[in-house]
Structures are given as C-alpha cells and as structure tokens.
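# Remarks on the overall topology
Listed below are the residues making up each chain.
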Amino acid sequence: MDTTLQLPAALHEAARAFGQAIRADDYVSAYLEARARAEADAATTELEQRLASLYDELLARQQAGETLNQEQRTAFYDLRRQVQTQPRLSARDEALAQLKPVLADLASEISATLAVDYTALAR
Amino acid sequence: MDMPIIPILTTTANQEAARQAARSVGNLLRQTPTYTAFLGLLEAVNADPAVQQLAAQMRTHQAALQMGRDPDQHAVALASVEAEVAALPVVQEYRQAEAATRRLFQVVDALISQEAGVAFAENAQRSGCGCGG
C-alpha cells in the first residue's frame, strides 16, 4: 500500500466517518468482543499459532516436492480440528461469519456508486 | 446481545447511517481524477477496435483449449495474442490507471479498516456461489 498517497480532505474525512459508522454496528461490536476474548487467552493464541506454523511448514515441504505422509496429514487435521472446536476461536469465527454479510452489503453501496467492484480494487 | 440470525434482512439505524456513509465514500471516490481517468480508459479499452479484434482471437484459442484441440499450438498462439494486447498503448495506459486506482482504494480502505477495527474490503468480498457442479 502507498502510505505516502495524500487523500483529498473530504475523502479522508468520509472514509474515517464510514469506518466509525461500521464500528458502531452491533455485529462489529460482537466480533471485536469475541476477538478480544480469543486474544486474551494465551493458550488459545498459542494453539492458533501452532496451526499456522504447521501449515506453513507442510506447505513449504510440499512446494519443495515432498509428499506428505499419513502421520503428517493426521497431525495437521487433528490440530485443525482442535482449533475449529476451541470455544473462543469458534465464537470469534462465528461472529466474523455473521459480520461478513453486513460488510458485503455496505461494500455493495460503494460499488453501486462507482459501477465497479470496490472490494476487488481495494484489497 | 440479541441479534437476528440473518443480518442482511434487517436494517438498524446504525446500519442505515453506515450505508449513507458508504455512499458518501463512493461518491467522493468517483469524483477523484484518478478514478475518472481509470473509468475513461476502461471505456476506451472496451471500445478499441484492435482490442476487440484481438479479444475475439483470444476467445477462439481459449475455446479450442477448453475442447482440447491442438492444445500446444493454441496455448502458444494465445500467449502471443495476450502479449500483443498487453503491448497496445491504450492497454498500457489502462493498466497504469488501474494500478493508481488500486493504490487510492487501498489507502481509503486502510483508513476505513483502522476506524472500524476490522479489515473492511477483505471481509466484505462476497464469496463465490460454491454451487459445485
């Protein structure tokens, strides 16, 4: 992202106001609370980081031409199941899943004004 | 907090305010010279006879590849036509305008996300239908 790009003042203010309006939404509050609860628990964050590290490691091995054995695959799926069923993480993910249609609805307002898909250009 | 199961079907006062704020952002983005130039070049590319002719050739090669007819020959021909399209001045200008528009939108999105506390565009993208087939 180009951090040096200077936005017109009105656009800068409108973007900030829009962000603040999003934050006032109940679904955003619910997600931010669920995310904070997940991040506040050291065991929960460690579990998620362990899955990310294992995923990166196995992906690197596959990209290097290695075929993963049954033990490695089982270890990955076991850990992923633990993450998916961890109450704080599943609550956070569920809150985000509830929030996404609200954000998509708002993005479609911008896209309709522009006649192009805002999300495709902004990511 | 009691919330409806299907959020998209309900509109709270906050959500309506957010919709209006979204439209304001869209309107102001639309007025920027960067976006105006991008849209103009998009239209110019779509109307360009050379682009249209080459696009028709690309579709022919793509269809042949999908049907598995002389795949090596059509793959080479397709890459050649794609390179020809990319080299057209109007397409190069369009790509530059598109890149500038992306930079603008990304800066705006970072600001929105920072205030919202959640990555906006990343989480606002509608997923595919996932219908299988």
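Provided above is the structure to which this section pertains.
All right, on to the overall build of chain A then. A tally of regular secondary structure across chain A gives six helices and zero strands. Counting from the amino terminus, chain A carries its helices and strands in the arrangement α-α-α-α-α-α. The globule rule puts the C-alpha radius of gyration for 123 residues at 14 Å, and the 20 Å found for chain A is more than 25% above it. Its C-alpha atoms give chain A principal-axis dimensions of about 55 × 35 × 25 Å. Per-residue burial over chain A gives 24% buried out of 123 residues. Across chain A, every contact between residues at least 6 apart in sequence was considered, and the portion connecting residues at least 24 apart equals 67%.

Here we come to helix α3 (residues 42-63) of chain A. For α3 of chain A, spanning 22 residues, the distance from its first C-alpha to its last is 31 Å, which sits close to the expected 32 Å at 1.5 Å a residue. Of the residues flanking the end of α3 of chain A, it is G65 of chain A, one or two places downstream, whose phi is positive at about 100°.

Below, the discussion takes up the packing of helix α1 (residues 9-23) of chain A against helix α5 (residues 89-116) of chain B. Where α1 of chain A contacts α5 of chain B, the two axes come as close as 7 Å, and the packing angle between them is 35°. Classified by chirality, the crossing of α5 of chain B by α1 of chain A is right-handed. Across the interface between the two elements, L11, H12, A15, R16, F18, G19, Q20, I22 and R23 of chain A of α1 of chain A pack against V108, L111, I112, S113, Q114, E115 and A116 of chain B of α5 of chain B. Residues of the contact of α1 of chain A with α5 of chain B, tallied by class, amount to eight nonpolar, five polar and three charged.

Cut-offs used in this document
Residues numbered from 1 in each chain as written. Chains lettered and ligands numbered in written order. Predicted model: local features only at pLDDT ≥ 70, side-chain atom pairs only at ≥ 80, totals over all residues. Helix = DSSP H or I, 4+ residues; strand = E, 2+ residues; numbered from the N terminus. Rg over C-alpha atoms; globule rule 2.2 N^0.38 Å. Buried ≥ 20, exposed ≤ 12 C-beta atoms within 10 Å, placed from the backbone. Contact = placed C-beta atoms within 7 Å. Expected span 1.5 Å × (residues − 1). Axes fitted to C-alpha atoms, helices over the stretch in contact; angles between N-to-C directions. Left-handed = near helix turned anticlockwise from the far one by under 90°. Nonpolar A, V, L, I, M, F, W, Y, C, P; charged D, E, K, R; others polar.

Everything listed here is a matter of geometry and, on its own, says nothing about what the molecule does.
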